[in-house]
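Tertiary structure, described
Each chain is listed here by its residues.
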Amino acid sequence: MIQTIGIPGGLMIHRDGVLWKNFFEQLGFHCVTSRKSDRQILEQGTERAVDETCLPFKMYLGHVMELMGKCDAVFIPRMGGFKTREKMCTRYEALPDLVKNIFRDEQIPVLTVSYDWYDRTTEEKVYLELGDKLGKTKKETKKAYIFAKKQQEAWLKSREKAQNQLMEKEGTKVVLAGHPYVLHDAYMGGELARILEKMGASVLYTDYVDRDSALKKSYDFSRVMPWLINREIIGALMALRKKADGIVLVSAYPCGPDALVNDMLIRRIKDLPVLSLTLDAQSGTAGVETRIESFIDIIKYQKAGGYGTKN
Ligand code: SF4
């Protein structure tokens, strides 16, 4: 019988974690989350992953291991996406299978549900199915979903509001653009924000904007691009660039969608300096500090009128 549900502290927890946690807790379950990412979590995940796996997935495996013995089931949704042009990368479509297979000796109990665009489903239907799997009635589940959805929206609104206030302040502003689970992971993008702030820059995030308007805007950039999160990043960038002095485009090695989209982005953004960083399992953020320092210097020179001025 499931009483405690484990939520790995990687991948989409940084986007949908408030919804998940509130949903389960409203239904009477206890939730445990793995601790913040660090070198040790990455190393244990890397040991279990195949070489060509992307850095966030290696980190995710480390988080799954952290939950072993601490919960009755680990929540690992299968995320396909809801629309033809708003899909997740293939790794998400196979996530519960990949985890079950990698940890087949440990036989980790996995609680899963499918967000699958092929079924033309809705998010609410996904949660009704999840509640049913957990033995809850439709009425209880719907109530929990509505409550959790409100919490998630309030959480995002509060971040959006704080970011809007930051945008109106004086000083250098830099957009950190990337997948939420790279930007907000304590070991990956968290370090980048710290370095930028140490250099006196305010950090704006591509995931702290209204998701629906970001998605809509992304279609002005590309009508055919298939990935939901890359669409959200691009749409947010289109809005945030007006208030920013530079963009740090962050990717985790080897990300297929980013490899295509980020190259296109760099070629299309002509009015702002862009620093493109790819983080990998070997170096993490080591070595990027100097590159960020130079980037901030360039921004400051540009704001002062360019090279050759007395400032
Ligand atoms: S989108 Fe990229 S970083 Fe995210 S899981 Fe897929 S390959 Fe990894």
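Here's what I pulled together on the structure shown here.

Reading the values: the criteria
- Along each chain, the written sequence defines residue order, and numbers are assigned to residues from 1.
- Local features in this predicted model are restricted to residues of pLDDT 70 or higher, and side-chain atom pairs are both shown and tallied only at a pLDDT of 80 or more, whereas totals for entire chains, interfaces and linings draw on every residue.
- Note: side-chain values were computed over all heavy atoms of the structure, leaving out hydrogens and water.
- A pair of strands is considered paired only if DSSP assigns at least 2 bridges between the two.
- To qualify as a helix, a DSSP run of H or I must reach at least 4 residues; to qualify as a strand, a run of E must reach at least 2; elements of each kind are numbered from the N terminus.
- To sort residues, take the accessible area from a 1.4 Å probe on protein chains only and compare it with the maximum for the residue type: under 20% means buried, over 50% means exposed, and anything in between is partly exposed.
- Nearness here has a simple test: a residue counts as near a molecule or strand if at least one of its heavy atoms is within 4 Å of that partner.
- Ten residue types, Ala, Val, Leu, Ile, Met, Phe, Trp, Tyr, Cys and Pro, are classed as nonpolar, four, Asp, Glu, Lys and Arg, as charged, and the remainder, Gly among them, as polar.
- Where a domain begins and ends is set by an automatic assignment or by a domain database.
- Nonpolar cores are built from buried Ala, Val, Leu, Ile, Met, Phe, Trp, Tyr and Cys residues. Side-chain atoms within 4.5 Å join them into one set.
- Here, residues are in contact when the closest pair of their heavy atoms is within 4.5 Å.
- Identification of polar contacts relies on pairs of N or O atoms within 3.5 Å, with a donor-acceptor requirement for protein atoms, meaning one able to donate a hydrogen and the other able to accept it, and with residues adjacent in sequence counted only if both atoms are side-chain atoms.

1. Some thoughts on the sheet that holds strand β3 (residues 73-75)
In space, the 4 strands of this open sheet follow the order β2-β1-β3-β7, with parallel pairing throughout. Edge positions in the sheet fall to β2 (30-33) and β7 (110-111), since each of these pairs with one other strand and no more.

2. Examining unusual backbone geometry
At the junction of Y253 and P254, the peptide bond is cis and its omega measures out at -15° in the coordinates. Along the chain, the position of P254 falls in the loop between β11 (246-252) and α12 (256-268). Of note, the phi angle at L11 is positive, near 50°, even though the residue is not glycine. With respect to the element layout, L11 can be found in the loop between β1 (4-7) and α1 (13-26). The backbone of Q107 sits at a positive phi, close to 50°, despite the residue not being glycine. According to the relative accessible area criterion, Q107 is exposed, its value standing at 64%.

3. Description of the pairing of strand β9 (residues 173-177)
Put simply, side chains in a regular strand alternate between the two faces of the sheet. Burial runs high along β9: 5 of the 5 residues are buried. Neither face of β9 is open: one carries K173, V175 and A177, the other V174 and L176, and all of them are buried. Bridging between β9 and strand β10 (residues 202-205) involves 4 bridges; their strand directions are parallel. When the bridges of β10 are listed, V174 appears paired with V203.

4. What to know about the site of the ligand
In the region of the ligand, the neighbouring residues are C54, P56, C89, R91, Y92, H179, Y181 and C255. Class assignment for the residues of the shell around the ligand results in 6 nonpolar, 1 polar and 1 charged. Taken domain by domain, the shell around the ligand gets at least three of its residues from each of domain 1 (4-150) and domain 2 (169-303).

5. What to know about the nonpolar core
Counting residues in each nonpolar core, the largest one holds 100 residues, and the members touching the most others are W20, F24 and L176. Sort the elements by how many residues they give to this core and helix α11 (residues 228-240) lands first, with 8 residues. In contact with F24, other than residues within four places in its own chain, are I5, I7, F29, C31, F75, L111, L130 and L134.

6. Some remarks on the side chain of Q152
Mapped onto the elements, Q152 comes out in helix α7 (residues 138-167). At a separation of 2.7 Å, a polar atom in the side chain of Q152 contacts the main-chain carbonyl oxygen of R15. Discounting residues that sit within four places of it in the chain, Q152 has contacts with R15, D16, G17, V18, L19 and R211.

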